[in-house]
Amino acid sequence: MVGVRLADDDRGRVPFALLGVLLLVGSATFSGALSAHDPVADRRVDDAMDRATAQADAAVRAAVGNAAREAAANPVISPANTTVGRLLSEERPFRDYLRLRIALAASERLRAVSVARGDVNATVTLPRPTNESSLRDAMDRVSISGRENGTVLVATVENVSVEVARGGRTVAAESVTVTAGVRTPVLALHDRTEAFERRLDANALDGGTLDATVTTALWASAWTRGWSQYAGAPVGNVVSNDHAALATNAGVLLAEQQAFGTTDADARGATGRAAVRAGARSLLSQTGVPAAPELANALPAPNPSAESVANEIPTNRTINASVGSAADHALVGLIDGHGDAPASDDVVADAHRATTAIEADATVIAHSDDPPVDLGTEWELVDTATETSSSVETVATRTPALEADTVVVDAGSRIVTTSETTTRTWRRGNETFHTEETTETKTRVDLAAVVDPAAVSAPERPLDPAVEPGGALDGENFAAAADAVEDAVATRGGFDDLARDVADGDAPARQQTTVPMAPGLDRWIRSDLVALADRVKNRSVTVSARRVAAGEVNPAAELASDLRADRLELVGAPAAYDGVSDRARVAVRAAYLDRVLAALDRRANRTAAATGAADDASTDANLGSLSEAVRAEEVARATLGETRADGANGTGNETGVRFVPDADPMYLSLGGLSGSAVPTVSRGGTYHPLVARNTNLFTLPYGDAVDTVLEPVFGANRRVPLRVAARALLAADSTLAATNGTNETLADRRDRLEIAVDRSTVPAEEAAKDVLRAHTDRSVTERQRILERALGEWDDPAHRALAVTNGSAGRAIAVEAAGAGTVEADLLERRLDEAFRTVRRDRSTTVSQRLTNRTVETTRTARQQAVADMATDAAMRATEKAVTDRVNDTLDSRFDTSFKRVPAGMPVAPVPGYWYATVNVWDVEVAGEFAQFRVHARGDAESLTYARDGSTVALDWDGDGVAETVGHGDRVTFDAETTIVVAVPPSGVGVGDIDGDADERSEGWQGGPGCTVAADCHADG
């Protein structure tokens, strides 16, 4: 370090002369200021500043209130592509628009703030935007937030300038931030309306109330009406657009309740009236009921309380699937020897066959050998002699291991001692030498003279009696076989010699034998088999109709699994068979059950194929898979149930502010409304608030979708089963009778269909003749007479065809031929049913699809016209009640139940003559729009109305007198789609729309909801 003295360091020094000058000037200035200061004037400046700031707070508060009212009256939901519109974000345009309005309103109101105190004047300013950049700056200076659930709007405005001037010269200025809280529910109104629209438009999984309501209500309605149709009610249209409209409006009410805490009173009344009208329309469309309570009960209440619970949806139906015809098919095939499986005669013959044998079990228990003698290489072996001897000792009998059903006739055990001495002669030169080697073996031989019954399908059990007469039917059993095996023992020298032979490796040969059958065995077995078949035929499993609808359960597979689990119990094998006849009986039972299981397995494969084809048809129709539809309904039902059970799912209100929705139109109807009745629509325009479309996948009687499903079974021949054509013929007959035969087109098509049905019944009658010829001893004349008497119960082709397909004809012919209550009649009936089922697979027993469908279509038209004429006639002369009574009377007296007999839907496991369930699918789409949707806020806040009507929102933001478009207050819109799957038990009328309108589209569907002509929905209201 280098030391430096202060006196020597001149760095940073200031000359003392300069310091003196500065001090002199400063003191002069300070003294001048003191002499000019006025304390009173300074207080005026401060007071003006304070008052101006206070007025700025009030001005901003007023600006916020005014902006809130303007924004609520004309909200921006979608920004325009304009200078001002581009400032608004896509995510929160309404809040940005509100900020912009607050900025502009504050700028205007702050300009009017002026505070004077003597010659002191204070003003407040906020720059007014003149270009896009300054407009963005103006909006950025404003931030907003909501408090108390959006009923209080808090706005903060930054960079507010406060200036104080005196004599035209600014004496004070500052920039302040003004925060104002205004009790206005503008944010709550907007947010709740947005939440309402989301509940209308979202799917059920994402909280969509409308989707959940429409899905749940339509499923409930469809299942109720579908099962009613199956049960016999004249339901022509299971799912209609009217049902969809009613469900949609109910969903709107529930979404209002959740979003606003209440519903539109006018809409509640309108929905109630619509429900009544829907019931009336159902009546006049021949549903046979004066209203639609099932739908009304399924729809949610307009104002569910927090304690209300979800109504039970009637889709928890079950279907009983029975073995049915598979039992008869197996019985006939077993008795008559059809198919690859053994016939009952073969099984019985096998049960009377046996093998006679002497079973032996040989075990060496001791063995000794003399050591070999080795004389060396000098000795030559010149001779070898061997002597063998044996002795037999009788020991305690031990039976060889045998199968459980092997019968022991006699048994014994021996020890055989075998000695073998070998003498060898050796030579060396002239010398000769003899050696001996002895081997001794002791072998235990256990012997049994047995009768071994031939293997059959019956479980292995002992026979008692087995080798002596007696037991069931007092048969001879295997007595002859026992004699044969005893003779074989004696012939071989008894057990001593047999033991020696076995010890030497000489086992006796096995012999086959057949014993005679007991008298009456065939009748006894058949009677037992028929009883088992009846028992098996009635076995059933209960499956969920929903799972059948989803294709998630295969009833045939379930039956097969259930039957396999109980097979041992059904076979009914005793602990010991009561003779050979009893074993034969059980073996036939087992063979029968194997045939039933094979038939069920084949049916399960057909079910899987049909279900897969139905799933493909649904997917090809863009409806998704059947299982997806069922899962979607479950999600919707769960969502709706949680919403109803928990009031917290609705938007609560603890702020003292009530939110009252007010929609125009009050009810979203399917028909077009005149513009004069709808806000913001030209008087001459037409407005469609709701459009709907529902498509029935499996048309009636059959169309492309069902053809796809049935093709693997019936072939791609465009033909329908005889049963379907016969029901169509009955419907035509009934309608012609009701209309006095005045419809010539229907009469002509009915006559041609009758000829086709009659012709298609002939092969079944020929099959019946063949059965009678093969299984009765009746003559040709007697067989013809039997058929004429039996089939004479049905005096027209339609009923005769149905009798052939439903089993009635087979039963009548069997009783006529063999007498009622006999085993022969039971077997003959089953043979006839099997013959009818077989012949129904042939094209000759089907009817043209085109002829059937055209007859059905004409029948529908004639029937609907008759009812319409009757209703019109009644209306002209009587009251509404008279119309209802007349319609009901006519439905009962004229049409009874004939028309409903035409089947609808897709059969599951479509085996000719049998199926487990009928499934049908509907795809329902709705789309809606409110011409104007307003929400009024009332109570402990400023009364405010929020309105969405599609109007264009414009704003003069730069003060040039020209309003520039900011965006649009989009109408509240939504769309929803659901797929409905209904399954009903087999037979009956099935399930489906039979009114001829498989693709039902409401008026305006093509263009969607809103104005028919877009220009009629003018933006200026």
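Being a predicted model, the structure only gives us computed values, none of them experimental.

1. Points about the side chain of serine 325
Summarising the element assignment, serine 325 is placed in helix α10 (residues 325–336). For serine 325, a relative accessible area of 9% translates into the label buried. Looking at serine 325, its side chain comes within polar contact range of the side chain of arginine 603, at 3.0 Å.

2. Side note on a negative patch on the surface
On the surface, Asp42, Asp46, Asp50 and Glu174 cluster together into a patch of negative charge. Of the residues forming the negative patch, the biggest block, three residues, is contributed by helix α2 (residues 39–73). Considering the arrangement of structural elements, one finds aspartate 42 in helix α2.

3. Considering the packing of aromatic side chains
Within the structure shown, the criterion is met by eight aromatic pairs. Aromatic ring contacts, followed pair by pair, group Phe196, Phe260, Phe930 and Phe933 into a single cluster.

4. Here's the deal with the sheet that holds strand β10 (residues 407–428)
Across the sheet, which stays open at both edges, the five strands sit in the order β9-β10-β11-β8-β12 with antiparallel pairing between neighbours. Two strands in the sheet have a free side with no partner beyond their single neighbour: β9 (380–395) and β12 (511–514). Strand-to-strand twist in this sheet, taken as the mean axis angle between neighbours without regard to direction, amounts to 25°. With 21 bridges joining them, β10 and strand β11 (residues 431–453) adopt antiparallel strand pairing. Directly across from threonine 417, in β11, lies its bridge partner lysine 442. Helix α13 (residues 494–503) contacts β8 (353–369), β9, β10 and β11 of the sheet and is inclined by roughly 55° relative to β10.

5. Observations concerning the packing of helix α22 (residues 744–775) against helix α26 (residues 823–840)
Running from N to C, α22 and α26 point in directions that differ by 140°, and their axes come no closer than 9 Å. The hand of the α22/α26 crossing is right-handed. Taken together, the residues of α26 that come into contact with α22 (itself represented by Pro763, Ala764, Ala767, Ala768, Val771, Leu772 and His775) are Leu828, Arg831, Leu832, Ala835, Phe836 and Val839. Among the residues making up the contact of α22 with α26, the classes are represented as eleven nonpolar, one polar and one charged.

6. Structural notes on the pairing of strand β25 (residues 964–968)
As defined by bridge partners, strand β1 (residues 78–79) adjoins β25 across two bridges and the pair is classed as antiparallel. Across the sheet, residue serine 78 finds its bridge partner in β25, namely histidine 968. Of the pairings in the sheet, the one linking strand β24 (residues 952–955) to β25 comprises four bridges and is antiparallel in character. Residue valine 953 lies in a different strand from β25, and its bridge partner there is glycine 967.

7. Looking at the sheet that holds β1
Read from one edge to the other, the open sheet built from three strands follows the order β1-β25-β24, with strand pairing classed as antiparallel. The open sheet has two edge strands, β1 and β24, and neither has a second partner. Along the sheet, helix α3 (residues 93–111) contacts β1, β24 and β25; its crossing angle with β24, the most-contacted strand, is approximately 30°.

8. What to know about helix α14 (residues 521–537)
Two residues of an α-helix separated by three or four positions point the same way, owing to the 3.6 residues in each turn. For α14, spanning 17 residues, the distance from its first C-alpha to its last is 24 Å, which sits close to the expected 24 Å at 1.5 Å a residue. Taken residue by residue, α14 has Leu521, Ile525, Asp528, Leu529, Val530, Leu532, Ala533 and Val536 as its buried positions.

9. Some points on helix α4 (residues 132–140)
For α4, the set of buried residues is Ser134, Leu135, Ala138 and Met139. Around the axis of α4, the buried residues are gathered within 145° of arc, so they sit on the same side. Where the residues of α4 are buried, they touch α3 and β4 (142–147). The N-cap of α4, judged by a side-chain oxygen 3.2 Å from the amide nitrogen of serine 133 a few residues on, is asparagine 131.

10. As for the environment of valine 485
Position of valine 485 relative to the elements: it lies in helix α12 (residues 479–491). Residue valine 485 is classed as buried on the basis of its relative accessible area, which comes to 1%. Once the C-alpha coordinates of valine 485 and valine 451 are considered, the two residues, 34 residues apart in sequence, prove to be 7.4 Å apart. Each residue touching valine 485, except ones within four places of it in the same chain, is listed here: Thr356, Ala357, Val409, Ala449 and Val450.

11. Examining the confidence of the model for the protein chain
Averaged over the protein chain, the pLDDT score is 81; the fraction of residues at 70 or greater is 78%. The low-confidence segment residues 703–716, where pLDDT is below 50, has 27 contacts with residues more than four positions distant or belonging to other chains. Within the model, the stretch residues 909–913 combines pLDDT values under 50 with 21 contacts to residues more than four positions away or in other chains.

12. Notes on the nonpolar core
In this structure, Ile102, Leu110, Phe196, Tyr592 and Phe930 are the most contacted members of the largest nonpolar core, which totals 180 residues. For isoleucine 102, the contacting residues outside a window of four places in its chain are Ala63, Val64, Ala67, Val142, Ile144, Leu153, Ala155 and Val157.

13. Details of the pattern of salt bridges
The full count for this structure, using the stated rule, is 50 salt bridges. Linking glutamate 108 and arginine 111 is a salt bridge whose minimum nitrogen-to-oxygen distance equals 3.3 Å. Within this pair, glutamate 108 and its partner arginine 111 are both found in helix α3, separated by three residues, close to a single helical turn. A residue is classified by how much of its surface remains accessible, and glutamate 108, at 37% relative accessible area, is partly exposed. Put simply, arginine 830 and aspartate 328 hold a salt bridge, and the shortest N to O gap is 2.8 Å. Of this pair, arginine 830 sits in helix α26 while aspartate 328 sits in helix α10, and the two are 502 residues apart along the sequence. Owing to a relative accessible area of 3%, aspartate 328 belongs among the buried residues under this scheme. Salt bridges linked by common partners bring Asp328, Asp534, Lys537 and Arg830 together as one network.

14. Topic: empty space enclosed by the protein
Per the counting criterion, the structure on display carries two cavities of 30 Å³ or more. In this structure, the second largest cavity spans a volume of roughly 30 Å³. Considering the residues around the second largest cavity, the lining is formed by His352, Gly475, Glu476, Asn477, Pro516, Met517, Ala518, Val580 and Ser581. Grouping the amino acids of the lining of the second largest cavity by side-chain chemistry returns four nonpolar, four polar and one charged.

Conventions we followed
Residues numbered from 1 in each chain as written. Predicted model: local features only at pLDDT ≥ 70, side-chain atom pairs only at ≥ 80, totals over all residues. Heavy atoms only, no water. Helix = DSSP H or I, 4+ residues; strand = E, 2+ residues; numbered from the N terminus. Buried < 20%, exposed > 50% of the residue type's maximum accessible area, 1.4 Å probe, protein only. Polar contact = N/O pair within 3.5 Å; in protein donor to acceptor, adjacent residues only side chain to side chain. Patch = residues over 30% accessible without salt bridge, like charges linked within 9 Å, V, L, I, M, F, W, Y side chains within 5 Å. Areas by Shrake-Rupley, 256 points an atom, 1.4 Å probe, with all protein chains shown as cover. Salt bridge = Lys/Arg side-chain N within 4 Å of Asp/Glu carboxyl O. Lys, Arg positive; Asp, Glu negative; His and termini not counted. Charge placed at Lys NZ, Arg CZ, Asp CG, Glu CD. Phe/Tyr/Trp six-rings, centres within 6.5 Å; stacked < 30°, edge-to-face > 60°. Pairing = 2+ DSSP bridges. Axes fitted to C-alpha atoms, helices over the stretch in contact; angles between N-to-C directions. Contact = heavy atoms within 4.5 Å. Left-handed = near helix turned anticlockwise from the far one by under 90°. Nonpolar A, V, L, I, M, F, W, Y, C, P; charged D, E, K, R; others polar. Expected span 1.5 Å × (residues − 1). Arc of directions from axis to C-beta. pLDDT = per-residue confidence, 0-100. Core = buried A, V, L, I, M, F, W, Y, C linked by side-chain atoms within 4.5 Å. 1 Å grid on protein atoms, 1.4 Å probe; cavity = no way out; pocket = protein on both sides within 12 Å on 5 of 7 lines; lining within 4 Å. Points joined across faces, edges and corners; volume = space filled by probe spheres on them.

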